[in-house]
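# A structural walkthrough
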Amino acid sequence: MGKTVRKLQVESPVPADIDVANSVEPFHISEIAQELNLSPHNYDLYGKYKAKVFLSVTDELQGSEDGYYVVVGGITPTPLGEGKSTTTVGLCQALGAFLDKKVVTCLRQPSQGPTFGIKGGAAGGGYSQVIPMDEFNLHMTGDIHAITAANNLLAAAIDARIFHESTQSDKALFNRLCPPNKEGKRSFSNIMFSRLKKLGISKTNPEELTPEEAKKFARLDIDPESITWRRVMDVNDRFLRKITIGQGPEEKGMVRETGFDISVASEIMAVLALTTSLSDMRERLGKMVIGNSKAGDPITADDLGVGGALTVLMKDAINPTLMQTLEGTPVLVHAGPFANIAHGNSSIVADKIALKLVGPGGFVVTEAGFGADIGTEKFMNIKCRYSGLTPQCAVIVATIRALKMHGGGPEVVAGKPLDRAYVTENVALVEAGCINLARHISNTKAYGVNVVVAVNKFSTDSEAELSAVRNAALAAGAFDAVICSHHAHGGKGAVDLGIAVQKACENVKQPLRFLYPLDISIKEKIEAIAKSYGASGVEYSEQAEKQIEMYSKQGFSHLPICMAKTQYSFSHNASEKGAPSGFVLPIRDVRASIGAGFIYPLVGTMSTMPGLPTRPSFYGIDLDTSTGRVIGLS
């Protein structure tokens, strides 16, 4: 990468993440931009260490070739996480700082919920991190705040509309929606034409509508029972999971039950991650379905007249944020959808910009959330479908710890010391657990990409255990399997991984293959994914059957499927480790994110609002008031 590469002075044992992050002075972000050949007119500075990169970069580089595209997934994790973000960053540091390749890391923006909760931040760890760590984990450039604002504007619009429709006649409602100007003439605002078109009304003058047409146009007649749109905030607050609204005396008894999700679970976040341009985002935001009319027709944000306003709130959020790793390689941070309930991948626009910036022979490495059964599957079948991009290599991150758990080791609980089985040699336990890794490898290879296994090495892992994983990975069909120590050594500890990934990218012989075509039924798509989990069949609740029938009738059956499932097992049961098979997958409910562009079945009970533990991470977070530095972030 040239002059912005920083040589790290590593310490052993590895200090706390925040101390490592604070031990180096980041380069000014304009230096990182310059290395990527970004002109100052291609970005806006947000302080010294962050910049928003404009989408116009892809237009300017339209004729140039893309670099190699690599996705990092993992085996089914323990609740402690297996270092997927750390591996993604370490691999990029190796490619950029040691193998002299042009490289961009594409990551999701962390949610403040986990940062202050139990999981901690998501900047990577040890000597493989994105910096400044505190800015990365807190606020950044305000994208999540923009999503929160837009989401809650739509929520307010829904209840306000129901309220006004309940208190006004058809005529009064129409007159207020299309008020006369100073000359006494009425007109439709631009956004109203999408509703008129949807209703098959081609008239452009409000005065020409018949009373019946005026009623159809003005009265959305939202069924409160059908509303799926909830409010959001970016804090783990279990007491907001279910709330009652409308209790004020002015609300005229219009009480209903709803709740809050965490901001990163908002459909607007999924829209941001899957959009391909500003005009595409405007269209997707307008198409978001918030519920149905009493007649069973879908009601959209544009029906409520709010799609344009949502886009205005999101206009800066669509630009990815440029940051850097500890070793000075560039990072694009963008979007942050949940991986177990949404598709869990950073944005298409960031990947597209990055692929043009690195050019032929360069590398874009992006991370897919949780295990490969969730994040990588959604990356391939949802994200790559909408982007049209084809990855050449998929990395699967494994740890001895997680493999021992899958081999029958004791339960791993966040916040509690690891059982002795995890810190002493037990090759048999590791070998038994490799059944989980083997299934992830075969599932991922089926897409036509080469699979490289990255074994994230811990100090307690023995050579015999590491060798067992490498042998099992190769036997399962991995292109290569590499032991990595990037947490302790930075990019230097992932050089072998970088070389393996480069070879894997250069040796792809097949086109991308999806798990299912889009023109089959919703149920057939669900069943294709369930089969990849190892299920023998699928069982649908009465509610799920009803929703599938409704979405099919409404014309949404062509959409891809985004399974909402536990990340801790291939199955619906988090305690089923290894590679379970022959189970029947229960689909409790089916919902739709029409703007984002997917149907999401709920497998078992999924929480869209986490709670805080007894001792949250915020106990250790503070500000050193003499230096202004954040301390205690993990």
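Before reading on, note that the structure itself is shown above.
Nothing here was measured: the structure is a model prediction, and the numbers come from that model. (Residues numbered from 1 in each chain as written. Predicted model: local features only at pLDDT ≥ 70, side-chain atom pairs only at ≥ 80, totals over all residues. Heavy atoms only, no water.)

## Observations concerning a nonpolar patch on the surface
On the surface, Leu-80, Leu-418 and Val-423 cluster together into a nonpolar patch covering about 200 Å² of accessible area. Within the secondary structure, Leu-80 is located in the loop between β3 (68-74) and α4 (84-98). (Patch = residues over 30% accessible without salt bridge, like charges linked within 9 Å, V, L, I, M, F, W, Y side chains within 5 Å. Areas by Shrake-Rupley, 256 points an atom, 1.4 Å probe, with all protein chains shown as cover. Salt bridge = Lys/Arg side-chain N within 4 Å of Asp/Glu carboxyl O. Helix = DSSP H or I, 4+ residues; strand = E, 2+ residues; numbered from the N terminus.)

## A word on the pattern of salt bridges
In total, this model carries 25 salt bridges according to the counting rule given. The closest approach of N and O atoms between Lys-383 and Asp-351, which form a salt bridge, is 2.6 Å. Of this pair, Lys-383 sits in helix α15 (residues 375-387) while Asp-351 sits in helix α14 (residues 348-358), and the two are 32 residues apart along the sequence. For the pair formed by Lys-383 and Asp-351, the shared burial category is buried. In this structure, a network of salt bridges that share partners links the residues Asp-159, Arg-231 and Arg-256. (Buried < 20%, exposed > 50% of the residue type's maximum accessible area, 1.4 Å probe, protein only.)

## Digging into the environment of Asp-316
Among the structural elements, Asp-316 can be located in the loop between α13 (307-314) and β13 (321-325). Spatially, the C-alpha atom of Asp-316 lies 26 Å from that of Gly-375, the residues being 59 residues apart in sequence. Asp-316 has contacts with Tyr-46 and Lys-52, leaving out every residue within four places of it along the chain. (Contact = heavy atoms within 4.5 Å.)

## Notes on the pairing of strand β15 (residues 363-367)
Summarising burial for β15: five of the five residues are buried, a large majority. Of the two faces of β15, the one holding Phe-363, Val-365 and Glu-367 and the one holding Val-364 and Thr-366 are both buried throughout. As judged from the five bridges shared by β3 and β15, these two strands associate in the parallel manner. Counted as the bridge partner of Val-71 is Thr-366 from β15. In this sheet, β15 lies alongside strand β4 (residues 103-107) in parallel orientation, the contact comprising four bridges. In the strand pairing of β15, Cys-106 is matched with Thr-366. (Pairing = 2+ DSSP bridges.)

## A closer look at the nonpolar core
Ranked by internal contacts, the top residues of the largest apolar core, which has 85 residues, are Leu-154, Met-314 and Leu-322. The residues touching Met-314, leaving out its near neighbours within four places in the chain, are Ala-146, Ile-147, Ala-150, Ile-268, Leu-272, Met-281 and Leu-285. (Core = buried A, V, L, I, M, F, W, Y, C linked by side-chain atoms within 4.5 Å.)

## Topic: the sheet that holds strand β21 (residues 598-603)
As summarised here, the arrangement of the three strands in space is β19-β20-β21, forming an open sheet in which the pairing is mixed. Looking along the sheet, the strands with just one partner apiece sit at the ends: β19 (537-540) and β21. The sheet shows a mean angle of 50 degrees between the axes of neighbouring strands, direction not considered. Alignment of β19 against strand β20 (residues 584-593), held across four bridges, turns out to be parallel. From the neighbouring strand, Glu-539 faces β20, where its bridge partner is Pro-586. (Axes fitted to C-alpha atoms, helices over the stretch in contact; angles between N-to-C directions.)

## A word on the packing of aromatic side chains
A full pass over the atoms with the stated rule returns seven aromatic pairs. An aromatic cluster is built from Phe-174, Phe-188, Phe-193 and Phe-217, whose rings are joined through pairwise contacts. A cation sits over an aromatic face here: Arg-439 above Phe-570, 4.9 Å from the ring centre. Above the ring of Tyr-533, the side-chain terminus of Lys-565 is found at 4.6 Å from the ring centroid. (Phe/Tyr/Trp six-rings, centres within 6.5 Å; stacked < 30°, edge-to-face > 60°. Lys NZ or Arg CZ within 6 Å of the ring centre and 35° of its normal.)

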